[in-house]
Structure formats: C-alpha cells, structure tokens
Amino acid sequence: MSAIFDLKLTVNPEHIDQLGHVNNVRYVQWMQDVATAHIERLGLGLKQYLEMNHAMVAVEHHVQYRKAAFEGEEIILRTWLDAIDSLYLSRQYVFYRPKDQSVLFVGKTKWACVEISTGRPKRMSPTFTQTYQPLAQEINPIDFTVNYD
C-alpha cells in the first residue's frame, strides 16, 4: 500500500462561493476528508479509534492557496505523512488540477494523539506508530505523473 493517498473529486456547485470559485473553507474541509479517507484505507479509522479509546486530533494547520478552482473541474486531493513521534504526527496535502497541471493548494496539519474519553494527550500505541509511517524521503509527492491508486 502506498504512503501517498489520492482522492479524486469534481468541484460541485455547493463548493463555490459568491466570488465564483471554491470557497477557502472548503479546502480545509477537503483536508479533513482526504485525511479521513487515508486513515480508513490504512485500516485505522474511526471504528478502531473508538475501540482503542484514542485518536488523532488536529492541533495546527498551515495552508497556502495558490490558484482558484471552479465548478466542474476535476481535482486530485493528495496527502501523506511526513513525520511522527510518540505524541504527534504531521500530514501534508497538495491539491492538484490535472487539466492544466496546476497546484491549487498546499497544506500541513499537526495532529496530536489524545485519549477519547478524557481528551488528554496520550502516547501513540504501537498500532498507531506501525500504521502511520512517514513518506520515504526519496519519493517526490508533488510528481503527479505517478499514479498512487
């Protein structure tokens, strides 16, 4: 299974704001959507979080909007993990429009492990640290000529 995860979508009317392009808040929602789809694919999603009584929660986002996206366009939401320790992991995102080979958005989220029942920080279990592996440095996650499906 690849450490890079792609989620393809089409920009729908509900994604568009009053200025006629994808609303900036939608990109943050898409960060959550692609991260959730990625962890589900890895086999460590919400069901497993609840069973283990701990989860990863977002504590910090950094985002950069590069180009606008418009209704009807196909977009690839790409994500990967780039760092992990006993409490935190870092996830990166690049949203790409294949039609003109444009990077629309880049982002990074710092996630912290918490115990669900208390909301307190918790060291990641071996299940988490074995499943959540950072991307190998020799892989270029911005190379969209490679298909990671």
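Residues numbered from 1 in each chain as written. Predicted model: local features only at pLDDT ≥ 70, side-chain atom pairs only at ≥ 80, totals over all residues. Heavy atoms only, no water.

A short note on the layout of surface pockets
Next, step 1: One number sums up the size of the largest pocket: a volume of about 200 Å³.
Next, step 2: What lines the largest pocket is simply Gln32, Ala35, Thr36, Ile39, Glu40, Leu46, Tyr49, Met56, Leu89, Arg91, Trp111 and Tyr132. (1 Å grid on protein atoms, 1.4 Å probe; cavity = no way out; pocket = protein on both sides within 12 Å on 5 of 7 lines; lining within 4 Å. Points joined across faces, edges and corners; volume = space filled by probe spheres on them.)

Observations regarding the sheet that holds strand 1 (residues 5-10)
Two strands in a sheet stick together by hydrogen bonds in their backbones, pointing the same way (parallel) or opposite ways (antiparallel).
Next, step 1: Strands sit in the order 1-3-4-5-2 across an open sheet of five strands; the sheet is antiparallel. The sheet is open, and its two edges are formed by strand 1 and strand 2 (54-65), each paired on a single side. Along the sheet, successive strands turn relative to each other by an average axial angle of 25°, direction set aside.
Next, step 2: Note: strand 1 against strand 3 (residues 74-84), six bridges, orientation antiparallel. In the sheet register, Lys8 faces strand 3, and the bridge partner there is Ile76.
Next, step 3: Relative to the sheet, helix 1 (residues 24-42) contacts strand 1, strand 2, strand 3, strand 4 (88-97) and strand 5 (102-115), its axis offset from that of strand 4 by approximately 115°. (Pairing = 2+ DSSP bridges. Helix = DSSP H or I, 4+ residues; strand = E, 2+ residues; numbered from the N terminus. Axes fitted to C-alpha atoms, helices over the stretch in contact; angles between N-to-C directions. Contact = heavy atoms within 4.5 Å.)

Description of a nonpolar patch on the surface
Next, step 1: Residues Val28, Val63 and Tyr65 make up a contiguous nonpolar surface patch of about 220 Å² in total accessible area.
Next, step 2: Considering the arrangement of structural elements, one finds Tyr65 in strand 2. (Patch = residues over 30% accessible without salt bridge, like charges linked within 9 Å, V, L, I, M, F, W, Y side chains within 5 Å. Areas by Shrake-Rupley, 256 points an atom, 1.4 Å probe, with all protein chains shown as cover. Salt bridge = Lys/Arg side-chain N within 4 Å of Asp/Glu carboxyl O.)

Here we look at the packing of aromatic side chains
Next, step 1: For the coordinates displayed, the defined rule picks out 10 aromatic pairs.
Next, step 2: On the numbers, 5.5 Å between centres and 75° between planes, the contact of Tyr27 with Tyr65 is edge-to-face. Note that Tyr27 is positioned in helix 1 and Tyr65 in strand 2, a separation of 38 residues in sequence.
Next, step 3: With relative accessibility at 3%, the residue Tyr27 sits in the buried group. (Phe/Tyr/Trp six-rings, centres within 6.5 Å; stacked < 30°, edge-to-face > 60°. Buried < 20%, exposed > 50% of the residue type's maximum accessible area, 1.4 Å probe, protein only.)

Section: the nonpolar core
Next, step 1: Core analysis: the biggest nonpolar cluster contains 29 residues, and Trp30, Tyr49, Met56, Ile75, Phe95, Phe128 and Tyr132 have the highest contact counts within it.
Next, step 2: Taken together, the elements giving at least two residues each to this core come down to strand 1, helix 1, strand 2, strand 3, strand 4 and strand 5.
Next, step 3: Membership of the second largest hydrophobic core comes to 10 residues, among which are Ile4, Tyr96, Val106 and Tyr148. (Core = buried A, V, L, I, M, F, W, Y, C linked by side-chain atoms within 4.5 Å.)

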